[in-house]
Amino acid sequence: ESQDSEEIVASPRDLTPPEPPQGLAVVSGIGRVFLTWNENRERDLAGYHVYRTDKSSGGEAERLTDVLIKRTTFSDETVKPGAVYIYWVTAVDRSGNESVRSREFKATLETIR
C-alpha cells in the first residue's frame, strides 16, 4: 500500500444562475416607462438588473441599474418622446450568476404636442 497523498481543501462553487424573471409588464407614460415583474423564489437571490435598447436609433443594449435592485419594479425616467425601447430584466444570485433575459417588452413613447 502506498502512502497517503497530501490533503487538499476544496470549496464547492455555485455556477447555477437563477431562473429569468417572469411576468414582465411595461407601461409607457409621459416622460417615463414603468416596469414590473414577478419576484424570483431562489433563496440565494441577490437582486435584479434592468436593461433596454433604443430601437429608434439602433442603439446598443444598456444596463439601467448600476447596482442590483431588490424590488420588482423600476421606473425609467431617462426616456425620450417618440422613442421605441425594448426592455428586459435579469436575476442575479449571491454568487454573481446572472440569469438569461426575461421576456422582452417594447415601449413606444408618444411625442408630446
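Structure's up top.
Attention here is on the structure that accompanies the text.

Reading guide: rules and limits
Residues numbered from 1 in each chain as written. Predicted model: local features only at pLDDT ≥ 70, side-chain atom pairs only at ≥ 80, totals over all residues. Heavy atoms only, no water. Core = buried A, V, L, I, M, F, W, Y, C linked by side-chain atoms within 4.5 Å. Buried < 20%, exposed > 50% of the residue type's maximum accessible area, 1.4 Å probe, protein only. Helix = DSSP H or I, 4+ residues; strand = E, 2+ residues; numbered from the N terminus. Contact = heavy atoms within 4.5 Å. Phe/Tyr/Trp six-rings, centres within 6.5 Å; stacked < 30°, edge-to-face > 60°. Lys NZ or Arg CZ within 6 Å of the ring centre and 35° of its normal. Pairing = 2+ DSSP bridges. Axes fitted to C-alpha atoms, helices over the stretch in contact; angles between N-to-C directions. Salt bridge = Lys/Arg side-chain N within 4 Å of Asp/Glu carboxyl O.

## Quick notes on the nonpolar core
In terms of nonpolar packing, the biggest core is built from 19 residues, with Val-33, Leu-35, Trp-37, Val-50 and Tyr-87 touching the most fellow members. In terms of residues, this core owes the most to one element, strand S6 (residues 84-93), which gives 4 residues. Every residue in contact with Trp-37, bar those within four places of it in the chain, is listed here: Pro-21, Gln-22, Gly-23, Leu-24, Tyr-48, Val-50, Ile-69, Arg-71, Thr-72, Thr-73, Phe-74 and Val-89.

## Description of the packing of aromatic side chains
The description of an aromatic ring pair rests on the distance of the ring centres and on the angle between the ring planes. Overall, the coordinates contain 3 aromatic pairs when judged by the stated rule. Consider the rings of Tyr-51 and Trp-88, whose centres lie 5.8 Å apart with planes at 5°: the pair is stacked. Note that Tyr-51 is positioned in strand S3 (residues 45-54) and Trp-88 in strand S6, a separation of 37 residues in sequence. In this pair, the class of Tyr-51 matches that of Trp-88, namely buried. Across from the ring centre of Trp-88, 3.7 Å away, lies the NZ or CZ of Arg-101, which sits over that ring.

## Brief notes about the sheet that holds strand S1 (residues 25-29)
Note: strands within a sheet are paired through backbone hydrogen bonds, in either parallel or antiparallel orientation. Ordered by their spatial adjacency, 3 strands build an open sheet running S1-S2-S5, and the pairing between neighbours is antiparallel. Either end of the sheet is taken by a strand with one partner, and the two such strands are S1 and strand S5 (73-76). Strand-to-strand twist across the sheet, computed as the mean angle between neighbouring axes with direction ignored, equals 15°.

## Here's the deal with the pattern of salt bridges
For the structure shown, the criterion picks out 4 salt bridges. Close ionic contact of Glu-77 with Arg-32 constitutes a salt bridge, the shortest N to O distance being 3.4 Å. Of this pair, Glu-77 sits in the loop between S5 and S6 while Arg-32 sits in strand S2 (residues 32-36), placing them 45 residues apart in sequence. Since its relative accessible area comes to 39%, Arg-32 is described here as partly exposed. Between Arg-52 and Glu-62 there is a salt bridge; the shortest N-O distance is 3.3 Å. On the criterion of sequence distance, the pair formed by Arg-52 in strand S3 and Glu-62 in strand S4 (residues 62-63) is long-range, its members being 10 residues apart. Among the residues examined, Glu-62 registers a relative accessible area of 37% and is labelled partly exposed. Because the salt bridges share partners, they merge into one network encompassing Arg-52, Glu-62 and Asp-76.

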